Amino acid sequence: MVRITIPKGVELTERVIAINRVSKVVKGGKRFKFSVLVVVGDGERYIGVGLGKAREIPEAVRKGIEKAKKNLVEVKKVGNTIPHPVIASFGAAEVLLRPAAPGTGVIAGAVVRAIMELGGVKDVLTKVIGRTSNPINVAYATLEAVKALRSPDEVMKLRGKSEQA
C-alpha cells in the first residue's frame, strides 16, 4: 500500500459518520465504550476513513481522525465525476459507483455521500447492493471502490500506448 503524504497547506475536513455505543456488563453495573467512524478529506482529491474507539466520544473521534489521516487515498476523477463504473465489497457490504452527467449531483446514501463529497466528487450515482447496510462496512467498501478506480492516463500506460494514439 502506498502512503500518501498531502502537501503542506492542504486543510483536511473531518465528518463523523456513525457513533456506536457498546456496553459491557461487569460486577458494578455497565461499562460503556464508543466506536466512532470518521471520514477526512480535503474536498478535492484525498479521502481517508478511520474507526476510533474509546470510553468517551471526543476521544474516540480524535483517534478516528488520526487513523483516517494515516489511511489517505487519492480519488481519481475526470472533471467532477469518476472515470468508470466500479463495484467493490468489504465484508457483506457491496458498493456500486457509476459516473454521472454534469449537474447530476451526488446520488448516494449518508455514508457514501460523505465520502464522495469530501473526496471532491460532484456528480456520481451510487448504490449499496450488498447483504448489509452496516455503516462501517459500507465505508470501507466505498474506500475499496475508490482505490480500484483508474484514470484514463493510467489505463493507457498499462496498455503500453501513448496518449496521442
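Being a predicted model, the structure only gives us computed values, none of them experimental.

Trainee: What should I look at first to understand the sheet that holds strand β4 (residues 73–74) in this one?
Mentor: Backbone hydrogen bonds are what pair the strands of a sheet, in a parallel or an antiparallel way. As summarised here, the arrangement of the four strands in space is β1-β2-β3-β4, forming an open sheet in which the pairing is antiparallel. With one partner strand each, in any of the chains shown, β1 (13–26) and β4 form the two edges of the open sheet. By the bridge criterion, two bridges tie strand β3 (residues 46–54) to β4 in an arrangement that is antiparallel. Paired with Y46 across the two strands is E74, which belongs to β4. Running over the sheet, helix α1 (residues 57–70) touches β1, β2 (29–41) and β3 and is turned about 145° from β3. Across the sheet, helix α2 (residues 110–118) is in contact with β1, β2 and β3; its angle to β1 comes to roughly 140°.

Trainee: Is there a simple way to explain the pairing of β1 in this structure?
Mentor: Within a regular beta strand, the side chains point alternately toward one face of the sheet and then the other, so they alternate between its two faces. Here β1 pairs with β2 via 13 bridges, running antiparallel. When the sheet's bridge partners are listed, R15 is paired in β2 with V39. Two successive antiparallel strands, β1 and β2, enclose a turn made up of two residues.

Criteria and cut-off values
Residues numbered from 1 in each chain as written. Predicted model: local features only at pLDDT ≥ 70, side-chain atom pairs only at ≥ 80, totals over all residues. Heavy atoms only, no water. Pairing = 2+ DSSP bridges. Helix = DSSP H or I, 4+ residues; strand = E, 2+ residues; numbered from the N terminus. Contact = heavy atoms within 4.5 Å. Axes fitted to C-alpha atoms, helices over the stretch in contact; angles between N-to-C directions.

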